[in-house]
Amino acid sequence: RAMEIDPTNTFAIHELGKLASKHGQLEDARRFFSMGVESDDPKGAMLCAESLCNVMIFQKEEGEARALFERVASRYQGATNSRFLRAWASFEKKTGDVSKACELFSMSAKLNPRDERTWLQWAQLERRRNKNTALECVRAGVNVSPLNPFLWQLYGGLSWEVEGAECGRDVFMRGVKN
């Protein structure tokens, strides 16, 4: 019904794509998401692009997914949102371009420093590369979301590894109190 009222409603298009994807109708999902990507609405287009990329990744089309992320980011320069950048960063992490993933997580955090998921995912990635950077990320995440148990768990473990058992234990105790 929403499509009859407004065939350019990217959020309705996105929902139809999600339903098709959920039912295994990937070609229909691709068609809906592709319609949304071509929208003039940056928010809806980025949401549809993120979902279309997930379908492409599932179908082992990583190169096409990367090209789509790049095309949409270029098209909406200055209007990209942190969720889109975080999704792209997660994609780059999965495909092995860790430097690009860190760059995108950094951009996402700058756009929305209150996004706890960006801080958590960035810290998890940095844990393998640079534990001090990971600690900075997880501290930022705990500051914006002091009730997130996953951030506290990671914070405690990193503190234990980097600053020693006593510091790690202190962090775990603070996390339990929250």
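Predicted, not measured: the structure shown is a model, and the values here were computed from it. (Residues numbered from 1 in each chain as written. Predicted model: local features only at pLDDT ≥ 70, side-chain atom pairs only at ≥ 80, totals over all residues. Heavy atoms only, no water.)

**Student:** Just to check I follow, could you spell out the pattern of salt bridges for this structure?
**Tutor:** Where side chains of opposite charge bring their charged atoms close, a pairing between them can arise. In this structure the tally under the stated criterion is 14 salt bridges. Note that R127 and E161 form a salt bridge whose closest N and O atoms lie 2.4 Å from each other. Here R127 is found in helix α8 (residues 116-129), whereas its partner E161 is found in helix α10 (residues 149-163), with 34 residues between them in sequence. The partly exposed category is assigned to R127, whose relative accessible area is 28%. In this structure, a network of salt bridges that share partners links the residues R127, K131 and E161. (Salt bridge = Lys/Arg side-chain N within 4 Å of Asp/Glu carboxyl O. Helix = DSSP H or I, 4+ residues; strand = E, 2+ residues; numbered from the N terminus. Buried < 20%, exposed > 50% of the residue type's maximum accessible area, 1.4 Å probe, protein only.)

**Student:** Please explain the state of the cysteines as it appears in this structure.
**Tutor:** Put plainly, a disulfide is one covalent bond tying together the sulfur atoms of two cysteines. Taken as a whole and judged by the stated rule, the model has zero disulfides. Cysteine C53 remains unbridged, with the sulfur of C48 as its closest cysteine sulfur at 11 Å. For C53, a relative accessible area of 0% gives the class buried. Free cysteine C137: the closest other cysteine sulfur is in C102, separated by 8.0 Å. (Disulfide = S-S within 2.5 Å.)

**Student:** Please explain the side chain of S145 as it appears in this structure.
**Tutor:** With respect to the helices, strands and loops of the structure, S145 is situated in the loop between α9 (131-144) and α10. S145 gets classed as buried once you look at its relative accessible area, which sits at 10%. The contacts of S145, once residues within four sequence positions are left out, are E116 and L151. (Contact = heavy atoms within 4.5 Å.)

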